[in-house]
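Descriptive analysis of the structure
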Amino acid sequence: MATEQPPEPAVSHHVRKQLLAARKFRLLGRDRDWWIKLFFEGNAAISVVVLLLIVFTLFREAAGFMPGNRHNLEIYRRAGLEYVDILKRQTTEYAALGRQLSAVRLAWLQRLRAEGLDLPAANARLAAIDALDGRLADAIATHEEIRSEMTDHASSVKERVTVGMDMAEVRKNLLGGIAGSDAAHGAKLQAGADAVVVEEIDFTAEVNVLTTRFPDIQAANRVLAGELNEILAALPHSGDGVIDKQLTRLGDRLAAFRKGIPEWEGELARWRADRPVSFLEAFNAFAFGREWVTASFWQDWYGVLPLFFGSVFISVLALAIAIPLGICAALYVNQVAPRWEQGLIKPYIEFISAIPSVVLGFFGIAMLGETLRQFSQVAWLSWVPGFPMQERLNGFTAAALLALMAIPTIFTLAEDALQNVPKALREASLALGATRLQTILHIILPAALSGITAAILLGFGRVIGETMVVLLCAGNRIAIPDLSAGLGVAFQPVHTMTGIVAQEMGEVVRGSLHYRALFMVGCLLFLLSLGINYGAQKIVRRYRLPQS
Amino acid sequence: MTLNVPEKQVTAFIGPSGCGKTTLLRCFNRMNDLVDVARIGSGQIRIDGINIYDPQVDVIELRKRVGMVFQKSNPFPKSIYENIAFGLRLHGIRQKAKLDEAVERSLRGSAIWDEVKDRLHKSALELSGGQQQRLCIARAIAVEPDVILMDEPCSALDPLATTKVEELIHELKEKYTIVIVTHNMQQAARVSDHTAFFYLGKLVEFAETQKIFMNPSNPQTEAYVSGRFG
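Residues numbered from 1 in each chain as written. Chains lettered and ligands numbered in written order. Predicted model: local features only at pLDDT ≥ 70, side-chain atom pairs only at ≥ 80, totals over all residues. Heavy atoms only, no water.

A few points about the overall build of chain A
Test applied: The secondary structure listing takes helices from DSSP runs of H or I that are at least 4 residues long and strands from runs of E that are at least 2 residues long, numbered from the N terminus. To get the radius of gyration, use the C-alpha atoms; to get the globule rule, take the number of residues to the power 0.38 and multiply by 2.2 Å. Only protein chains enter the area calculation, which uses a 1.4 Å probe; residues under 20% of their type maximum are buried, those over 50% are exposed, and those in between are partly exposed. Working definition of accessibility: Shrake-Rupley area with a 1.4 Å probe, residue cover restricted to the visible protein chains. Charge counting follows a simple rule: Lys and Arg are positive, Asp and Glu are negative, and His as well as the terminal groups are ignored. By convention, the point assigned to a charge is CZ for Arg, NZ for Lys, CD for Glu and CG for Asp.
Along the backbone of chain A there are 21 helices and four strands. A compact globule built from 548 residues would reach a C-alpha radius of gyration of about 24 Å, whereas chain A, at 35 Å, exceeds it by more than 25%. Projected onto the principal axes, the alpha-carbon positions of chain A cover approximately 130 × 90 × 50 Å. Out of the 548 residues in chain A, the part that is buried amounts to 40%. Here chain A displays about 30,600 Å² of accessible surface, and carbon together with sulfur accounts for 62% of that area. One way to put it: in chain A the 52 positive side-chain charges average out to a point 10 Å from where the 52 negative ones average out.

Pasting the structure below:
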């Protein structure tokens, strides 16, 4: 069957030209879309690569810390510093007894003065306790003497170790230079290297100098125990219930110390200079060490615990202030405020985050810290724990400012979460006869809870990573605050992980143990932030409301 | 306009979009208070002879007596049980036994009991659209209001679910006064006893449903119900 061919459609030359024009651009065999795609892809790739590089550097620099710290602790042990520190701990503990005695004396004196005695008469009544004070101090004198001699010896050994290590380094550098230089210069370098004396230290002999003092210490301990017995027997009675209770407590502590003397002795006897330092020990010294001491003539400690505690402590304190403020403000703006007020409050709170943190820190030092301290000295506020404040700059000052910085984050995200609660739920609740407050508490808040939790977590992340404010306002004392102060602990100065890095990174020797310790702190911060952000994301995904 | 909504019957509001049916409906339980732009200028709405816009009227009490079912089902993101119990708790019912009983009664009353009785403590959001809407009706009747306002309750439902809700409305009118806004004239004809036709913000005609659809007195009404406009 013959079919008629349809006629060829007439395409004008003009249309053909236009249709083909778009494909004209080619560069290196690729068309325009490919290049545009490459451009955007490249931007994303740069961000990813930079982040990877940062993470890699952070971990690489920190990686050397563990073996370094292990070596550090090894020298501490082999040079006998650890041995001396056992004795030092004993004398430190003893010194606390003396301070307690002084405290009891002061309390007693105040008591007597309150009873109406004048100063000479009161002091006369305290003659017995004053005599004990003198005896108590004298009883430890032999220990102190031995300790001082041992300290001199051990630190000189350590000094020699350090010099020896430096010299070995110099020698190595000189020898390393020979390979790349001509014969004449090489010979000169060789001569220089030979001239460098690297002292080989006989650790066993040096430690023996320390351990041979053990009989002396034993003898001193026996004298001390006898003295303590006599002091205990001579402990006076005041006839005043409160003071007597304090005296009894002091007596208990004296007795406990006397009973503990054999334990100190045993520890000294058991100590071995050649016991190897395990990797776990080096790790624990970092993770659970309570001291951060650098550039010390005696021994450097890199214990992150006080810094970690400080960071978490300030952050929790800041959140305790920022959560109620941020969330209540978000609830008010989202649920209660008329539109014109919303338009006023929202940008205003968000504006807080525009304040540079150094300005806030400055404000904290100049205004907040000073005002708070004066405020804390008001007599009728003395019932507040921690008042009157000892320090102008403390954890609370920093936390108050950090709270201010966390509020915009928490407010904005919580407000978004509330905004995402369908309006229909609110109407349904109100139509059932619920009041506005019932609707907010029972319907809106539970529905927005996941978003609000995420807001809090991100606020936490914001706060724990903040540096400038804590550096300026937290007081920077590297110690775990005295938790026995109860709530007053908030007014004690602390130091933070961010603060220590910012403070010490500038003056540290590149590649040194201290340098690597700071990188370890950085890693810890990084992991903490990562965990918090990951948790926030998880919560948001897990409990997202179905979008209707 | 004057409109008498008869007790224990179904009154339907019909009319083209934007004629003010929903707005009027929302005035009956003062949900319009929430919208800043809508205010009652003049006139009164009386329920049992009491003007509900009287400053002395407690709007919370009013809403407890005038329940509402919305266009889109809006169960709370809680369990089925808690959805019903929420309103009951607002009424001060606290004892577990009483709550259990009231929850069952209202779920039975809205013909959804058999479908959900085994999963009362599962999330209400897992229900289908039609079930959610019946749950919302159950939530509204749990607190035993006098009046139930329904704002296009079937517009988001498929025909099968619509049938179920319509059957439910038939059963409910024995106990409650129902006002329903609908776009669907067949629905108005099926479920209502009286029908009000609105056009451009005015009440054009209000009469028995039979009359509105068979023999309307106003030519505009006739044009609308016969599908010539709207």
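Overview of the side chain of Asn74(B)
Stated formally: Any pair of nitrogen or oxygen atoms within 3.5 Å is treated as a polar contact; in protein, a donor-acceptor pairing is required on top of that, and neighbouring residues in sequence qualify only through side-chain atoms on both sides.
Structurally, Asn74(B) is set in the loop between strand S4 (66–69) and helix H3 (80–90). Looking at Asn74(B), its side chain comes within polar contact range of the main-chain oxygen of Ala424(A), at 2.9 Å. A polar atom in the side chain of Asn74(B) sits 3.0 Å from the side chain of Arg139(B).

As for the domain arrangement of chain A
All names here are of chain A. The criterion, for reference: Where each domain begins and ends is defined by an automated method or by a domain database. Throughout, a contact is declared for two residues whenever any of their heavy atoms are within 4.5 Å. Accessible area that two parts lose when put together, with a 1.4 Å probe and added across both, is what the buried area reports. The salt bridge criterion pairs a side-chain nitrogen of Lys or Arg with a carboxyl oxygen of Asp or Glu, the two atoms within 4 Å.
Under the domain assignment, chain A is made up of domain 1 (23–63), domain 2 (74–277) and domain 3 (310–543). Taking only C-alpha atoms, the centre of domain 1 and the centre of domain 3 are 36 Å apart. With six residues of domain 1 in contact, the opposing surface of domain 3 contributes nine residues. Across the domain 1 to domain 3 interface the summed buried area is about 700 Å²; carbon plus sulfur atoms make up 76%. Interface area lost by domain 1 to domain 3 is led by Leu58, Glu61 and Ala62, which between them contribute 72%. Here domain 1 and domain 3 share one salt bridge between them. Joining domain 1 to domain 3, the criterion identifies two residue pairs in polar contact (both at pLDDT 80 or more).

Structural notes on the packing of helix H6 (residues 127–139) of chain A against helix H10 (residues 214–234) of chain A
All names here are of chain A. Inclusion rule: Between the N-to-C directions of two axes lies an angle of 0 to 180 degrees, each axis being a line fitted to C-alpha atoms and, for a helix, fitted only over the stretch in contact. Each angle gets one of four labels, with under 35 degrees taken as roughly parallel, over 145 as roughly antiparallel, 65 to 115 as roughly perpendicular, and the rest as oblique. Crossings are classed by handedness, with left-handed meaning an anticlockwise turn of the near helix from the far one by less than a right angle and right-handed meaning a clockwise turn. Each residue gets one of three labels, nonpolar for Ala, Val, Leu, Ile, Met, Phe, Trp, Tyr, Cys and Pro, charged for Asp, Glu, Lys and Arg, and polar for the others, Gly among them.
In the contact formed by H6 and H10, the axes pass within 10 Å of each other and the chain directions differ by 165°. One element, H6, and the other, H10, form an angle in the roughly antiparallel class. When you trace H6 past H10, the crossing you get is left-handed. When H6 is examined against H10, the residues Leu132, Arg135, Leu136 and Ala139 are found in contact with a partner set consisting of Leu224, Glu227, Leu228, Glu230, Ile231 and Ala234. Looking at side-chain class alone, the contact of H6 with H10 contains seven nonpolar, no polar and three charged residues.

Here we look at the sheet that holds strand S6 (residues 177–181) of chain B
Residue and element names in this part refer to chain B. Heads up, the condition is: When DSSP finds at least two bridges between two strands, those strands are taken to pair.
In space, the six strands of this open sheet follow the order S4-S5-S6-S1-S7-S8, with mixed pairing throughout. Strand pairing shows two members of the sheet lacking a second neighbour, S4 and strand S8 (202–208), which therefore form its edges. This sheet shows a mean twist of 15° between the axes of neighbouring strands, independent of strand direction.

Here we look at the pairing of strand S5 (residues 147–151) of chain B
Residue and element names in this part refer to chain B. Most of S5 sits inside the fold, with five of its five residues counted as buried. Because side chains alternate across S5, one face comprises the buried residues Val147, Leu149 and Asp151, and the other comprises Ile148 and Met150, equally buried. Sheet topology note: the S4/S5 ladder contains four bridges and is parallel. Looking at the pairing, glycine 67 lines up with isoleucine 148 of S5.

Some details on the interface of chain B and chain A
Taken together, the contact pairs 23 residues of chain B with 18 residues of chain A. Between chain B and chain A lies a buried interface of about 1,700 Å² when both sides are counted; carbon and sulfur atoms form 73% of it. In terms of surface lost to chain A, no three residues of chain B exceed Phe76(B), Phe86(B) and Leu90(B), which account for 27% of the buried area on that side. Between the two partners, chain B and chain A, sit one salt bridge. A salt bridge links Glu427(A) to Arg26(B), with the nearest nitrogen and oxygen atoms 2.7 Å apart. At the junction of chain B with chain A, the criterion picks out three residue pairs in polar contact (both at pLDDT 80 or more). Elements with a contribution of two residues or more to the side of chain B that touches chain A: helix H2 (59–65), S4, H3 and helix H6 (129–142) of chain B. Of the residues assigned to the side of chain B that touches chain A, the class counts are 13 nonpolar, four polar and six charged.

Section: the environment of Asn394(A)
All names here are of chain A. Examined against the element boundaries, asparagine 394 turns out to sit in the loop between helix H15 (357–376) and helix H16 (395–419). Among the residues examined, asparagine 394 registers a relative accessible area of 0% and is labelled buried. Note: C-alpha distance between asparagine 394 and asparagine 476 (82 residues apart in sequence) is 8.1 Å. Non-local contacts of asparagine 394, meaning those with residues more than four positions away in its chain, are made with Met389, Cys473, Ala474, Gly475, Ala490, Phe491, Gln492 and Pro493.

A closer look at unusual backbone geometry
Residues and elements named next belong to chain B. Although it is not a glycine, lysine 8 sits at a positive phi angle of roughly 55°. Among the secondary structure elements, lysine 8 is positioned in the segment before strand S1 (10–14). Even without being glycine, arginine 30 reaches a positive phi, approximately 55°. For arginine 30, the position within the fold is in the loop between helix H1 (21–27) and strand S2 (46–47). Classification of arginine 30 by relative accessible area gives buried; the value is 14%.

Comments concerning the confidence of the model for chain B
When pLDDT drops low, the exact placement of atoms in the prediction is not to be read closely. All names here are of chain B. Threshold: For every residue, the pLDDT score states the predictor's confidence, bounded by 0 at the bottom and 100 at the top.
Taken as a whole, chain B shows an average pLDDT of 84; of its residues, 96% reach a score of 70 or greater. Per-element confidence in chain B is highest for S6, whose mean pLDDT is 90, and lowest for strand S3 (residues 50–51), whose mean pLDDT is 80. Across the interfaces of the predicted complex, the ipTM metric reaches 0.87, alongside a pTM of 0.78.

Section: a nonpolar patch on the surface
The condition is simple: Patch rule: a residue counts if its relative accessible area is over 30% and it has no salt bridge; like charges are joined within 9 Å, and nonpolar side chains (Val, Leu, Ile, Met, Phe, Trp, Tyr) within 5 Å.
There is a patch of nonpolar side chains on the surface, built from Phe25(A), Leu27(A) and Leu28(A) and spanning about 330 Å² of accessible area. In this fold, Leu28(A) is placed in the loop between strand S1 (26–27) and strand S2 (30–31).

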